[in-house]
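As a plain string of letters, each chain reads:
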2 protein chains.
Amino acid sequence: MASLDFWFDFASTYSYPAAMRMEETAARAGVKFRWRPFLLGPIFFEQLGIKDSPFNLNPVRRNYMWRDIERICARQRIPWRKPSVAPRSSTLAAKVAYVVEAEPWFPSYVRAVYTANFGEDREISDRAVIASVLEGLGQDAAAVLARAEAPGNPLRARTEEAKALGLFGAPTFVCGPELFFGQDRMDEALEWAAEHQDGGPVPG
Amino acid sequence: MASLDFWFDFASTYSYPAAMRMEETAARAGVKFRWRPFLLGPIFFEQLGIKDSPFNLNPVRRNYMWRDIERICARQRIPWRKPSVAPRSSTLAAKVAYVVEAEPWFPSYVRAVYTANFGEDREISDRAVIASVLEGLGQDAAAVLARAEAPGNPLRARTEEAKALGLFGAPTFVCGPELFFGQDRMDEALEWAAEHQDGGPVPG
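Being a predicted model, the structure only gives us computed values, none of them experimental. (Residues numbered from 1 in each chain as written. Chains lettered and ligands numbered in written order. Predicted model: local features only at pLDDT ≥ 70, side-chain atom pairs only at ≥ 80, totals over all residues. Heavy atoms only, no water.)

S.K.: Just checking my understanding: could you explain the interface of chain A and chain B for this structure?
M.R.: Note on interface size: it is often stated as the accessible area lost on association of the parts. The interface of chain A with chain B comprises 25 residues on the first partner and 25 residues on the second. With both sides pooled, the region where chain A packs onto chain B buries about 2,400 Å², and carbon together with sulfur makes up 46% of that total. Of all residues in chain A, Tyr64(A), Arg71(A) and Phe168(A) bury the most surface against chain B, accounting for 23% of the area lost on that side. Inspection of the region where chain A meets chain B yields 8 salt bridges. Here Glu178(B) and Arg67(A) are joined by a salt bridge, their closest N and O atoms 2.8 Å apart. Where chain A touches chain B, the interface holds 12 residue pairs in polar contact (both at pLDDT 80 or more). (Contact = heavy atoms within 4.5 Å. Buried area = accessible area lost by both parts, 1.4 Å probe. Salt bridge = Lys/Arg side-chain N within 4 Å of Asp/Glu carboxyl O. Polar contact = N/O pair within 3.5 Å; in protein donor to acceptor, adjacent residues only side chain to side chain.)

S.K.: It is not clear to me how the relation of the copies chain A and chain B should be interpreted in this structure. Could you clarify?
M.R.: In this structure, two copies of a chain are linked by a rotation about an axis accompanied by a shift along it. Turning chain A through 180° and shifting it by 0.0 Å along the axis lays it on chain B, with an RMSD of 0.0 Å. What the superposition gives is, in effect, a two-fold axis relating one chain to the other. Closest approach to the rotation axis within chain A is made by the C-alpha atom of Asp184(A), at a distance of 3.3 Å. Counting the interface residues of chain A, we find that 100% of their copies in chain B are interface residues as well, pointing to one common contact surface. (Least-squares fit on C-alpha atoms with pLDDT ≥ 70 in both.)

S.K.: What is the right way to read the pairing of strand S3 (residues 172–175) of chain B from this model?
M.R.: Looking along a regular strand, one sees the side chains alternate between the two faces of the sheet. Residue and element names in this part refer to chain B. Residues Thr172 and Val174 point to one face of S3 and Phe173 and Cys175 to the other, with burial holding for every one of them. In this sheet, S3 lies alongside strand S1 (residues 3–8) in antiparallel orientation, the contact comprising 3 bridges. Its bridge partner being in S3, Trp7 is matched across the sheet by Thr172. Judged from the 4 bridges that link them, S3 and strand S4 (residues 178–181) form a sheet pairing that is antiparallel. Residue pairing in the sheet places Cys175 in a bridge with Glu178 of S4. (Buried < 20%, exposed > 50% of the residue type's maximum accessible area, 1.4 Å probe, protein only. Helix = DSSP H or I, 4+ residues; strand = E, 2+ residues; numbered from the N terminus. Pairing = 2+ DSSP bridges.)

S.K.: Explain the confidence of the model for chain A here, please?
M.R.: With 95% of its residues at a pLDDT of 70 or more, chain A shows a mean pLDDT of 94. Two numbers describe this predicted complex: its pTM, 0.93, and its ipTM, 0.91. (pLDDT = per-residue confidence, 0-100.)

S.K.: Would you mind showing me how to read the sheet that holds S3(B) here?
M.R.: The pairing of strands in a sheet happens through backbone hydrogen bonds and is either parallel or antiparallel. Residues and elements named next belong to chain B. Strands sit in the order S2-S1-S3-S4 across an open sheet of 4 strands; the sheet is mixed. The outermost strands of the open sheet, each flanked by one partner alone, are strand S2 (32–37) and S4. On average, each strand axis in the sheet is tilted by 25° relative to the strand beside it, whichever way the strands run. Looking at chain direction, S1 and S2 are connected through 6 bridges and run parallel. For Asp5, the partnering residue across the bridge sits in S2 and is Arg34. Contacts between helix H5 (residues 106–119) and the sheet are confined to S1 and S2, with S2 contributing the most and set at about 50° to the helix. (Axes fitted to C-alpha atoms, helices over the stretch in contact; angles between N-to-C directions.)

Below you can see the structure in the form of structure tokens.
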């Protein structure tokens with residue numbers, strides 16, 4: 001069975017449609033993958049010296065991005081409501097993700113957080129919003145949030161791991177030493193993973 | 001018949017694989033398109049305040065780009081040799097393009113310039129290189145270059161047109177008011193063009 005890591009940030013617009021179709025598309029391709037939430041913020045700061053989304057540096061490109069995401073969501077038949085704040089802080093959503101990633105309902109958590117941010121324009125940095133997402137999945141929100149905010153959350157280690165892999169944006173598909181950046185490269189990444197068993201080093 | 005404009009810069013790495021397969025892919029999709037060479041340099045300067053490729057701002061992303069292009073070229077079975085200078089000035093190649101774009105050999109000119117830059121690591125800002133490309137196509141290089149460099153070349157007007165369309169990178173596929181940015185969006189742009197006859201305004 002081939003393996004693939006799907007790296008995404010809950011604040012990343014293009015990660016939204018990718019996250020929503022990842023499980024189904026990978027299953028159809030017969031490829032096993034791991035969900036890898038991470039924070040782009042520290043990476044943008046280190047690589048570009050900015051404390052913002054690169055999209056906010058160029059209004060022309062940002063305008064395109066909003067229209068493009070709207071089109072992609074329509075094509076994919078997933079909800080879309082332009083967030084009134086972008087980017088939102090994804091730190092809390094990621095901290096929660098790290099403490100529940102072994103749970104069978106984890107993929108549902110990922111999709112629910114994305115839907116809150118980009119389908120419903122809800123403030124995912126707000127504890128009440130994440131709590132309601134967790135409750136919607138039948139979980140004890142207070143207990144999960146307490147675990148997420150307790151010392152020992154691997155947030156920092158995961159950010160370092162993302163840097164070490166050479167990530168610079170999201171979503172990024174990682175198969176062994178190979179990166180595929182962008183939601184539009186999902187199929188190619190899945191093909192690559194299917195052809196390169198275990199994601200090991202690739203000849204030539 | 002649907003219509004589509006394919007905007008590209010001879011200096012743009014990701015435009016290379018797109019330009020090499022554009023004609024064949026559009027024909028297969030039954031979509032008519034126009035070649036639209038343009039210069040990204042003035043756009044990057046206006047939008048980002050830089051006189052360089054954005055890839056050169058972030059070495060992590062630039063490293064990815066080189067590997068990604070190498071993979072794309074291998075997949076597409078087109079020659080690849082990492083350019084020893086990047087980006088190269090594409091002004092001369094574009095000036096020539098504007099004076100020969102009605103010629104039946106124009107698509108061959110586009111592919112030959114790209115192959116020189118990205119398949120053979122040749123300096124496309126050098127008159128001798130563009131002359132040899134033109135000679136390889138059986139043309140009178142001196143006469144074409146003289147026309148390209150004479151007053152009246154529409155270089156500036158085309159740059160303004162690109163800005164007015166909201167371009168911020170290359171390649172970009174334009175169908176009426178809709179932009180599709182990136183070589184990996186070619187199929188989607190062709191589908192859109194096929195569905196929206198004449199590229200007119202799109203409802204909703």
